[in-house]
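Inside the fold
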Amino acid sequence: MTAEHRDAPEVALTPLECRLLDRFQRGLPLVPRPYRAMAEALGTTEEAVLAALERLKQAGVLSRVGAVVRPNTAGASTLAAMAVPPADLERVAALVSARTEVNHNYEREHRLNLWFVVTAPDAVARQCVLRAIERETGYAVLDLPLEAAYHIDLGFALT
Amino acid sequence: MMVDEDDRRLLAALQDGLPQVPHPFAAVAARLELDEAAVIARLSALVERGVVKRCGLVVRHHELGWRANAMVVWDVPDDRVDAAGRLLAGHPFVTLCYRRPRHPPAWPYNLFCMIHGRDRATVEAQIGLLCALEDMAGVSHAVLFSRRRFKQCGARLARSEAA
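Quantities reported herein were computed from a predicted structural model and do not represent experimental measurements. (Residues numbered from 1 in each chain as written. Chains lettered and ligands numbered in written order. Predicted model: local features only at pLDDT ≥ 70, side-chain atom pairs only at ≥ 80, totals over all residues.)

Attention shifts here to the interface of chain B and chain A. At the interface, 68 residues of chain B touch 70 residues of chain A. Every element with two or more residues in the side of chain B that touches chain A is listed here: α1 (5-14), α2 (24-32), α3 (36-48), β1 (52-59), α4 (81-89), β3 (94-99) and β5 (141-152) of chain B. The residue inventory of the side of chain B that touches chain A, partitioned by class, reads 36 nonpolar, 13 polar and 19 charged. Pairing of strand β3 (residues 102-108) of chain A with β5 of chain B, which is carried by 5 bridges, proceeds in the antiparallel orientation. (Contact = placed C-beta atoms within 7 Å. Helix = DSSP H or I, 4+ residues; strand = E, 2+ residues; numbered from the N terminus. Nonpolar A, V, L, I, M, F, W, Y, C, P; charged D, E, K, R; others polar. Pairing = 2+ DSSP bridges.)

Next comes the structure, spelled out in C-alpha cells:
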C-alpha cells in the first residue's frame, strides 16, 4: 500500500476515449451488449470501444465500468479522520488501507491529516471497523457520518 | 433497508466492475448462477430506486489531470446549513456537498464540499468565489487539500468480507 505519486504523468486521451468518458460516466446501456450500444451511440464499433476501455484501464484513468451506490442504501458508510504524527503516517495509512472496508484513504493538509471512507454492510459492522482501527493504530478516529447530501453526482466533466 | 440479499450479491459481484467482454452481464450472471436477463432487470431496478446513483465509467480524476483536490469545510449555524449546502452544491465545480456532525472542539465544521480542479491555483480561486458569497460571509471555514492518495477503489458490500 504505497502512496501513489502526485506527479504521475497525465494521460493523453484519444478523441474516442474522450467521447466515451464524456458520454458514459452515467447512463451505461443496461442491455445484453452494452459496449455495442455505446459504440452505436458514438458511431464506432464494439471492438473499438472495448479496446479504448481496456487502454483507459491500463492507463489508470478508468477505475471500473460499474455501479456507484448511493451512500447508506446498500451499506453503511462514514467519513473518518485521524490526527497522526507525520513520522507515523505511512505505517498508519498502510494499516487503514489494508482493510477491505476502506475504499478511499487520503492524506490532507490539517492536524487531522488522514481521511478515509469506511463502508460496511450495516452500522454495527461499520462501528466495529472504526474501533478495530483505533485499537490497531493507537490513534482516535473521528466518525463523521453523512447526515444530508446536497449534490447530484454527474461524474467528471472533461472540459 | 432498501436492498435484499440478492441485490447485495449483485452489487458485490459488480464492485470490481463489469468485464470488458461483449456480454458482460452474462459473465456476471454466470458467477451468480443467474441468467443475464435477471441481472439486467435487477440492476435496472436498483438504478430506478436510486440505490445505484449512476452506472457507467468510474474514473480516477487524478490520472485525468485533475490534480488538485480540496475538501472545504464550514461551520454554518444549524438553521442555515441546508440552504448553504444547496447553494454550494449548485456551483458546477463543487463535486460533492454533505452535512456531517460536528465534534467540538477538535472539529467544529458541519458542512463539507469537495472541489476537484486541474491545479491548486484554480481550486483556490473557486474557493474564493464560495467565500465571497453573501450567504457564506463570516462563516468560519477550513481548506484541506489532499496531499497523498493511499487508496481509491469502489466500496465493498459483501457481507462475507465484513469480518
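Here we come to the nonpolar core. Among the nonpolar cores identified, the biggest contains 34 residues, and Leu-20, Val-49 and Ala-67 of chain A together with Leu-11 and Leu-57 of chain B are the most heavily contacted of them. Residue assignment for this core shows that the elements contributing at least two residues are α1 (15-23), α2 (34-42), α3 (46-58) and β1 (62-69) of chain A together with α1, α2, α3 and β1 of chain B. For Ala-67 of chain A, the residues in contact, after removing those within four places along its chain, are Leu-11, Leu-14, Leu-43, Val-52 and Cys-55 of chain B. Val-72, Ala-84, Phe-112 and Leu-130 of chain B belong to the second-largest nonpolar core, a separate cluster that totals 21 residues. (Core = buried A, V, L, I, M, F, W, Y, C linked by C-beta atoms within 7 Å. Buried ≥ 20, exposed ≤ 12 C-beta atoms within 10 Å, placed from the backbone.)

By the element assignment, Arg-111 of chain A lies in the loop between β3 and β4 (114-120). Spatially, the C-alpha atom of Arg-111 of chain A lies 8.5 Å from that of Met-82 of chain A, the residues being 29 residues apart in sequence.

Moving on, we get to the domain arrangement of chain B. The domains assigned to chain B are domain 1 (5-48) and domain 2 (68-145). Summarising the inter-unit geometry, the C-alpha centres of domain 1 of chain B and domain 2 of chain B are found 37 Å apart. (Domains from an automatic or database assignment.)

Turning to the sheet that holds β3 of chain B, a few remarks are in order. Pairing in this open sheet of 9 strands is antiparallel, and the strands run β5(A)-β2(A)-β4(A)-β3(A)-β5(B)-β2(B)-β4(B)-β3(B)-β6(A) from one edge to the other. If you trace the sheet from one side to the other, it starts and ends with β5 (142-144) and β6 (148-149) of chain A, each paired once. The pairing of strand β2 (residues 68-74) of chain B with strand β4 (residues 111-117) of chain B spans 7 bridges and is antiparallel. Looking at the pairing, Val-72 of chain B lines up with Cys-113 of chain B of β4 of chain B. Across the sheet, helix α4 (residues 89-97) of chain A is in contact with β2 (76-82), β3 and β4 of chain A together with β5 of chain B; its angle to β3 of chain A comes to roughly 165°. Lying on the sheet, helix α5 (residues 120-131) of chain B is in contact with β2, β4 and β5 of chain B; it crosses β2 of chain B at an angle near 25°. (Axes fitted to C-alpha atoms, helices over the stretch in contact; angles between N-to-C directions.)

Moving on, we get to α4 of chain A. Think of an α-helix as 3.6 residues a turn; residues three or four steps apart then line up on the same face. Here α4 of chain A has its buried residues at Val-92, Ala-93, Val-96 and Ser-97 of chain A. Along the long axis of α4 of chain A, the arc covered by the buried residues comes to 130°, so they all point the same way. Packing partners of the buried residues in α4 of chain A comprise β2, β3, β4 and α5 (123-137) of chain A together with β5 of chain B. (Arc of directions from axis to C-beta.)

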